[in-house]
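Observations on chain architecture
Each chain is listed here by its residues.
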Amino acid sequence: MTVRRLARFDALALTALVWFLGKFLRYAFPPLFGTLEGTYGVSRTALGTAFTGFMVVYAAMQFPSGALADRIGGVRVIAAGGVVTAVGALVLVVDSPFVVLAGAMVLMGAGTGTTKTVAVDLLSRVYPARTGRALGVFDTIGAMAGAAAPAAVVLASGAPALFGAPWRTLFLAGGVGTLAITVAFAVRVPRRLQNRQKPTADGVESGEEDDDSDAATEGATSQYLGLFRRPRFVAFVAVTVLFSFAYNGAVAFLPLYLAEETVLSVVTANLLFSALFLVSLVQLATGDASDRVGPLPVLALTLVVATGGLVAVLALSATGGPIVLGGAVVALGLGAHGYRPVRGAYLMTVVPESVAGGGLGVVRTLLMTAGAASPAIVGYLSETAGFGPAFAMLAVAMGGAAALTVVLWALDR
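Below you will find a few notes about this structure. (Residues numbered from 1 in each chain as written. Predicted model: local features only at pLDDT ≥ 70, side-chain atom pairs only at ≥ 80, totals over all residues. Heavy atoms only, no water.)

**Topic: the nonpolar core**
Grouped together as the largest cluster of nonpolar side chains are 111 residues, with contacts concentrated most on F29, L36, M108, F171 and F391. Each residue touching F391, except ones within four places of it in the same chain, is listed here: A250, F253, L254, Y257, L310, L314 and V378. (Core = buried A, V, L, I, M, F, W, Y, C linked by side-chain atoms within 4.5 Å. Buried < 20%, exposed > 50% of the residue type's maximum accessible area, 1.4 Å probe, protein only. Contact = heavy atoms within 4.5 Å.)

**Notes on the packing of helix α6 (residues 74-91) against helix α8 (residues 116-126)**
Taken N-terminus to C-terminus, the directions of α6 and α8 make an angle of 145°; their axes are 10 Å apart at the nearest point. Between α6 and α8 the crossing geometry is left-handed. Seen from α6, the contacting residues are G74, V77 and I78; seen from α8, they are V118, A119 and L122. Across the contact of α6 with α8, the residue classes tally to five nonpolar, one polar and no charged. (Axes fitted to C-alpha atoms, helices over the stretch in contact; angles between N-to-C directions. Helix = DSSP H or I, 4+ residues; strand = E, 2+ residues; numbered from the N terminus. Left-handed = near helix turned anticlockwise from the far one by under 90°. Nonpolar A, V, L, I, M, F, W, Y, C, P; charged D, E, K, R; others polar.)

**Examining the packing of aromatic side chains**
With the rule as written, the count across this model stands at 17 aromatic pairs. Judged by centre distance (5.7 Å) and plane angle (65°), the rings of Y40 and F98 are edge-to-face. One end of the pair, Y40, is in helix α3 (residues 29-40); the other, F98, is in helix α7 (residues 98-112), with 58 residues separating them in the sequence. A relative accessible area of 21% places F98 in the partly exposed class. Taken together, a centroid distance of 5.6 Å and an interplanar angle of 85° make the contact between Y257 and F387 edge-to-face. With Y257 in helix α14 (residues 231-261) and F387 in helix α20 (residues 387-412), this pair connects stretches of sequence that are 130 residues apart. For F387, a relative accessible area of 2% translates into the label buried. Here the aromatic cluster, defined as three or more aromatic residues joined through ring pairs, consists of F29, F33, F51, F54, W167, F171, F253, Y257, F387 and F391. Between the NZ or CZ atom of R26 and the centre of the ring of Y27, over which it lies, the distance is 5.4 Å. Of note, R26 hangs over the ring of Y58, and the distance from its end group to the ring centre comes to 4.7 Å. (Phe/Tyr/Trp six-rings, centres within 6.5 Å; stacked < 30°, edge-to-face > 60°. Lys NZ or Arg CZ within 6 Å of the ring centre and 35° of its normal.)

**Describing the packing of α3 against α7**
Taken N-terminus to C-terminus, the directions of α3 and α7 make an angle of 160°; their axes are 12 Å apart at the nearest point. It follows from the interaxial angle that α3 and α7 lie roughly antiparallel. Residues F29, L36 and Y40 of α3 touch α7, and the partners they reach there are F98, L101, M105 and M108. Residue composition of the contact of α3 with α7, grouped by class: seven nonpolar, no polar and no charged. (Parallel < 35°, antiparallel > 145°, perpendicular 65-115°, else oblique.)

**Here's the deal with empty space enclosed by the protein**
Under the criterion given, the structure shown has three cavities of 30 Å³ or more. Volume-wise, the largest cavity comes out at about 100 Å³. Taken together, 13 residues line the largest cavity, and the ones lying closest to its centre are N248, R340, R343, L367 and M368. At the level of elements, α2 (10-27), α14, α18 (322-350) and α19 (356-384) are the ones that each hand at least two residues to the lining of the largest cavity. Tallying contributions element by element places α14 first for the lining of the largest cavity, with four residues. Class assignment of the residues belonging to the lining of the largest cavity gives a composition of six nonpolar, two polar and five charged. (1 Å grid on protein atoms, 1.4 Å probe; cavity = no way out; pocket = protein on both sides within 12 Å on 5 of 7 lines; lining within 4 Å. Points joined across faces, edges and corners; volume = space filled by probe spheres on them.)

Structure, rendered in structure tokens:
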């Protein structure tokens, strides 16, 4: 009985592992920025721009992947993205110039960009009564990649340079692992979808014709645009954009910020960067809480905590030690990670099911475009004005997201 009950979560586990490996490859780059500066002889602005390229393509894939999933099914879209991600990672195994690194980052951005939007809709169909909890588990496993990647970078730095540089081994392991999990996902998850009672999802995923689905997708573009005639929907899109800008900018440069603007060593800075993601277990609690009390109060609380953490990192940089700064980083992580699954659960309540994939894709395209621009902007400001003004800008954006969410919650009540 126990094995059978656990087997019900195979779709969740495999989808989350695809997401974990994609995020592992993404978060391996920020701890490597210092190494890559020396290896390729490029500036922070160049590295930030390359990472922005990764995120821009990631953002650009949100809407088309969601809309395509509405037509042909989420399993096929996620599986194709997994293959593209693996190819991008394997390209980096061979010693090559900086332009190849930038191109591989773009390729990985395209592959990983197919996962999150489609997975939210996919998991909401497989686990309709526990969407918040399922997304909490999904996001928690994905966020653990952020904790694993810096640790893996530290371990790889002491490994033999089998491919010209020790860090290339990370991308070999990541590429091979992504291919293996993608195959398992493509084989197993369609069987789980066939057992659900939602004909639109089942028919598409199993390859059957579904007239209702075809009818629903006709005129989908006008339905996507119609979402933006709803004031509260637009307001929440603004929240997601502000959060994404602040969070992605902070994550991209937090290890370098801590190493250069505080008394912390590079190793300690990377360990605190891992701590930012280790606390992502909070997503299990916030996802469950959103199922019980509703998403808006949970969203408001988490964004206030994230804002406090980011402000504390900035304010305590000159005087804080590892414990104090570690507490600030943990607060940022608790708020930011706690927010993410609830955001998805809330959006699924306000987007019509017939355009759920594409509708969520539109939102994620906007928020990820803002997040994609952030590393380049922060990198440029850090070199021209300093890290202080750059991170102050991020704190203002996070505070704006928190304030707007509190207003939405008050209006909802």
